[in-house]
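# Chains, contacts and geometry: an overview
What follows is the residue order along each chain.
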Amino acid sequence: MKGIRTGPVIPVLGLALGIAAGVLLDPSVPTSLQPYLPIAVVAALDAVFGGIRARLDHVFDAKVFVVSFVSNVIVAGLIVFLGDQLGVGAQLSTAVIVVLGIRIFGNTAAIRRHLFRA
Amino acid sequence: MTQTDPESMLKRLLNDTLDPGYEEAAKRRAGSSDPPAQAGGWRARLAFALCLLLIGALSTVVIAQVRSSAPQREELRQALIEDIAAQRAAGDLLAARLVEVRDEATHAREELLTATSKGQEALDELDRAESNAGLTQVRGPGVAVTLTDAPPPEDGGDNLGRILDRDIQSVVNELWAAGAEAIAIDGQRLGPRTSIRSAGQAILVDFRPVTNPYLIEAIGPAGMFDDLLESSAGRTLASYVSAFGLGLDVVQAQQLDLPPGTGSSITLAQPAQRFGILGSAAGRRHSAWREER
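Remember, predicted model here, so these are calculated numbers, not experimental data. (Residues numbered from 1 in each chain as written. Chains lettered and ligands numbered in written order. Predicted model: local features only at pLDDT ≥ 70, side-chain atom pairs only at ≥ 80, totals over all residues. Heavy atoms only, no water.)

### Here we look at the overall build of chain B
- What chain B contains, in helices and strands, is eight helices and eight strands.
- Within the span of chain B, comprising 293 residues, buried residues form 26% of the whole.
- Element-wise, carbon and sulfur atoms account for 56% of the exposed surface of chain B, whose accessible area totals about 19,100 Å². (Helix = DSSP H or I, 4+ residues; strand = E, 2+ residues; numbered from the N terminus. Buried < 20%, exposed > 50% of the residue type's maximum accessible area, 1.4 Å probe, protein only. Areas by Shrake-Rupley, 256 points an atom, 1.4 Å probe, with all protein chains shown as cover.)

Quick look at the structure:
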């Protein structure tokens, strides 16, 4: 496998296939999981922007990306689930969104500096 | 920046937005010969591609779901509103039909009973019972009380001058206490089993909504006017008028026309004599109570 360049082909292709699958298959999500999906998407976005920044910083590592994505989604879901059980689900969702939002902002700012040198 | 710095957590949150895993992985790789782009091997790259696949699918599904649920909710709301309107119309129709049928029954009864003196007696008793139960249309002098919500506050806060169910209850109670013989709220006659309560923001009289301004008409002695204004409920409401700006208007009326109540059938409560309760302890207490009067 050595010698194959990991360009943006894999991520772009993966994303495109995923979007196509989501549109074409239109999978129905169990009702019990529905409240966690938006949180999962925000956690995934955090991992994606972290990955892009790492790539621009020349420290990208696919394994780290996978681990950070999976753990982000799971931990965010668990926090919100725990919050729901304790009756503070809405507040903890907000907390998760705020923290992930700050990270996304920080990473996009770093990406912007890389791309536009400003 | 040290761990003991009280602002360190916030600073780290704001500045160290990159997953520290990347840094560490880069350090680990520093010694090895793998170029960064290929670090992790093909399995990591496959997992990476799968993750992105998942992210794409996840985002699409969530967006599709949020989009489809918004109009659904609006549709559901609209359907419920239509249901309410339809059921209310059906209820009105049935109430009108009830009045009609009751009129027919009354006429038929009168025709049959006026023939004999015994029948005439029974008819008189029935008429008394019906008017006591608020089932007949009545006319007479009395007072009309109008309660009006205060205008909503400009700052958009809670309107403390909104009329509540207990304001209407207190006025009605004072009117009964002052000798009112028949009361109607917004044209809804109060019977022995009528409730006045709120459900959310709405006030229900006999389970039907009444709306601002609330008109309470009562037939009764002329003294009701002063009795109501001097009662504790009247004074409390008057103080609300100056404090919260709600409207309270009481006028004497020479002639009020109050509609008949819809009434409701009683199925469980039987007249006591039928069970011989008068011989029981409760019955003896009841007779003693009657003798006192």
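### Describing the overall build of chain A
- When its secondary structure is counted, chain A shows four helices and zero strands.
- Going from N to C terminus, chain A has its helices and strands arranged as α-α-α-α.
- Expressed as a percentage of its 118 residues, the buried residues of chain A come to 39%.
- Counting only contacts in chain A whose residues sit at least 6 apart along the sequence, the fraction spanning at least 24 positions is 72%. (Contact = heavy atoms within 4.5 Å.)

### Some points on the pairing of strand 4 (residues 196-199) of chain B
Residue and element names in this part refer to chain B.
- One ladder, built from four bridges, connects strand 4 with strand 5 (residues 202-205); its direction is antiparallel. Looking across to strand 5, one finds that S198 is bridged to I203.
- What sits between strand 4 and strand 5 in their antiparallel hairpin is a turn of two residues, with G200 showing a positive phi close to 65°. (Pairing = 2+ DSSP bridges.)

### Some details on the packing of aromatic side chains
- Enumeration according to the criterion identifies seven aromatic pairs over all chains in this entry.
- Here F65 of chain A and F69 of chain A contribute two aromatic rings whose centre-to-centre distance is 6.5 Å and whose plane-to-plane angle is 5°, an arrangement assigned as stacked. With F65 of chain A and F69 of chain A both in helix 3 (residues 62-86) and four residues apart, the pair spans about one turn of that helix.
- Accessibility expressed as a relative area gives 2% for F65 of chain A, which makes it buried.
- For F69 of chain A, a relative accessible area of 3% corresponds to the buried category.
- Three or more aromatic residues joined by ring pairs form one cluster here, namely F60, F65 and F69 of chain A together with Y22 and F48 of chain B. (Phe/Tyr/Trp six-rings, centres within 6.5 Å; stacked < 30°, edge-to-face > 60°.)

### Regarding the sheet that holds strand 6 (residues 208-210) of chain B
Residues and elements named next belong to chain B.
- An order of 4-5-6 is seen for the three strands of this open sheet, with the pairing classed as antiparallel. Two strands close off the open sheet at either side, each with one partner strand: strand 4 and strand 6. Mean inter-strand twist for the sheet, computed between neighbouring axes without regard to direction, equals 45°.
- The strands that helix 5 (residues 165-177) touches are strand 4 and strand 5; relative to strand 4, the one it contacts most, it runs at about 175°. (Axes fitted to C-alpha atoms, helices over the stretch in contact; angles between N-to-C directions.)

### Observations concerning a negative patch on the surface
Residue and element names in this part refer to chain B.
- On the surface, E110, E111, E121, D124, E125 and D127 cluster together into a negatively charged patch.
- Broken down by secondary-structure element, the contributors of at least two residues to the negative patch are helix 3 (41-113) and helix 4 (117-132).
- When residues in the negative patch are grouped by element, the largest group, four residues, is from helix 4.
- Within the secondary structure layout, D124 lies in helix 4.
- Residue D124 is classed as partly exposed on the basis of its relative accessible area, which comes to 38%. (Patch = residues over 30% accessible without salt bridge, like charges linked within 9 Å, V, L, I, M, F, W, Y side chains within 5 Å. Salt bridge = Lys/Arg side-chain N within 4 Å of Asp/Glu carboxyl O. Lys, Arg positive; Asp, Glu negative; His and termini not counted. Charge placed at Lys NZ, Arg CZ, Asp CG, Glu CD.)

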